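So you can see what is in the structure, the chains are spelled out below.
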Amino acid sequence: MKKLFTVTALLAGLAFNLAAQAEELSVMTSGGFTAAYKILGPKFAATSGNTLTTSLGPSMGKAPEAIPNRLARGEHADVVIMVGYALDDLIKQGKVDPASRVELADSRIGLVVREGAPKPDISSVDALKKTLLDAQSVAYSDSASGVYIEQQLFKKLGIEDQLKPKAKMIAKIPVGSVVATGDYQLGFQQVSELLPVPGVSFVAKIPESVQSVTRFAAGIPVGAQHPEEAKALLAYLAAPAAQADVQATGLDSVKR
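Source: prediction; values computed, not measured.

Q: What am I meant to see in the pattern of salt bridges here?
A: A side chain with one charge can pair with a side chain of the opposite charge if their charged atoms come near. Throughout the structure, instances matching the rule amount to 12 salt bridges. For Asp-88, the salt bridge goes to Arg-101, with nearest N and O atoms at 2.8 Å. Here Asp-88 is found in helix α4 (residues 84-92), whereas its partner Arg-101 is found in the loop between α4 and β4 (102-107), with 13 residues between them in sequence. Judged by relative accessible area, Arg-101 falls into the partly exposed class, the value being 24%. Measuring nitrogen to oxygen at the nearest pair gives 2.8 Å for the salt bridge that ties Asp-252 to Arg-108. Taken together, the residues span a long stretch of sequence, with Asp-252 in strand β11 (residues 252-253) and Arg-108 in the loop between β4 and β5 (109-114) at a distance of 144 residues. Each member of the pair, Asp-252 together with Arg-108, is buried.

Given below as structure tokens:
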């Protein structure tokens, strides 16, 4: 009986110690990696005992919820997950520890149509060009992928003038949502941001020769309250064991 009491007390003490050591991490993450984070974050919390408080916002731009603007206002974060070059800007500004930078995933641009609509051919550059010219309307995001489409892709294809009257950048909301309602025939955005949207069918990624790859990375802001736990979270998100979940959301693993 005494031995059973001792074991029970030991387990209770261990549980108390784990609870005492658990921390609440504040995470800011931007769109492209969010679907993967929503899968991996709870798994990390379950294995580490730490809890995650998450704020969503774009990697750049003038929106109040954009990660750089949040940090500029003095909002606290232990981890920021965002487009790699936007993270590099924060590192240059002295707001993120350069030694903490971790490469997470690559995000490519894809196409969706309304659920039930015929899927057009974009398997080659010529097919993509024809599909765009034949389309009644085209939507793309206000993030890095949309800027590339508007400023570079249409020019590369030689159809900039033809697309101007029927192509539009969609601000703040997922591109797939305006395709699902039938407001636009074609929707282009990073694949990881297209797949979670109901009411659309994923067609394919655009051809690699005209693709724009966005690297997502993460870092620890200077002055983070829980840097060691933050480092553990970043290692978890980048680990080989996490890659199946990363790829399932439409992202591509970083070659290491």
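Q: Can you walk me through helix α6 (residues 144-157) in this structure?
A: Since the α-helix advances by 3.6 residues per turn, residues separated by three or four positions end up pointing in the same direction. End to end, α6 covers 19 Å across 14 residues, agreeing with the expected 20 Å (1.5 Å per residue, within 8%). By the largest-angle criterion, Glu-150 marks the main kink of α6, which is about 40°. Turning to α6, its buried residues number three or more, namely Ala-144, Ser-145, Gly-146, Tyr-148, Ile-149, Leu-153, Phe-154 and Leu-157. With its phi angle positive at about 75°, Gly-158 sits one or two positions after the end of α6.

Q: What should I look at first to understand the packing of helix α2 (residues 31-48) against helix α10 (residues 227-238) in this one?
A: Packed helices, taken two at a time, are described by their axes: the angle between them and the distance between them. It is the contact of α2 with α10, at a shortest axis distance of 10 Å, that shows an interaxial angle of 120°. On the basis of the axis angle, α2 is oblique to α10. Relative to α10, the crossing made by α2 is right-handed. In this structure, α2 contributes Phe-33, Leu-40, Lys-43, Phe-44 and Thr-47 to the contact, and α10 contributes Glu-229, Ala-232, Leu-233, Tyr-236 and Leu-237.

The rules behind each value
Residues numbered from 1 in each chain as written. Predicted model: local features only at pLDDT ≥ 70, side-chain atom pairs only at ≥ 80, totals over all residues. Heavy atoms only, no water. Salt bridge = Lys/Arg side-chain N within 4 Å of Asp/Glu carboxyl O. Helix = DSSP H or I, 4+ residues; strand = E, 2+ residues; numbered from the N terminus. Buried < 20%, exposed > 50% of the residue type's maximum accessible area, 1.4 Å probe, protein only. Expected span 1.5 Å × (residues − 1). Bend = angle between axes of the 7 residues up to and from the residue. Axes fitted to C-alpha atoms, helices over the stretch in contact; angles between N-to-C directions. Parallel < 35°, antiparallel > 145°, perpendicular 65-115°, else oblique. Left-handed = near helix turned anticlockwise from the far one by under 90°. Contact = heavy atoms within 4.5 Å.

Scope: geometric values only; no functional claims are made or implied.
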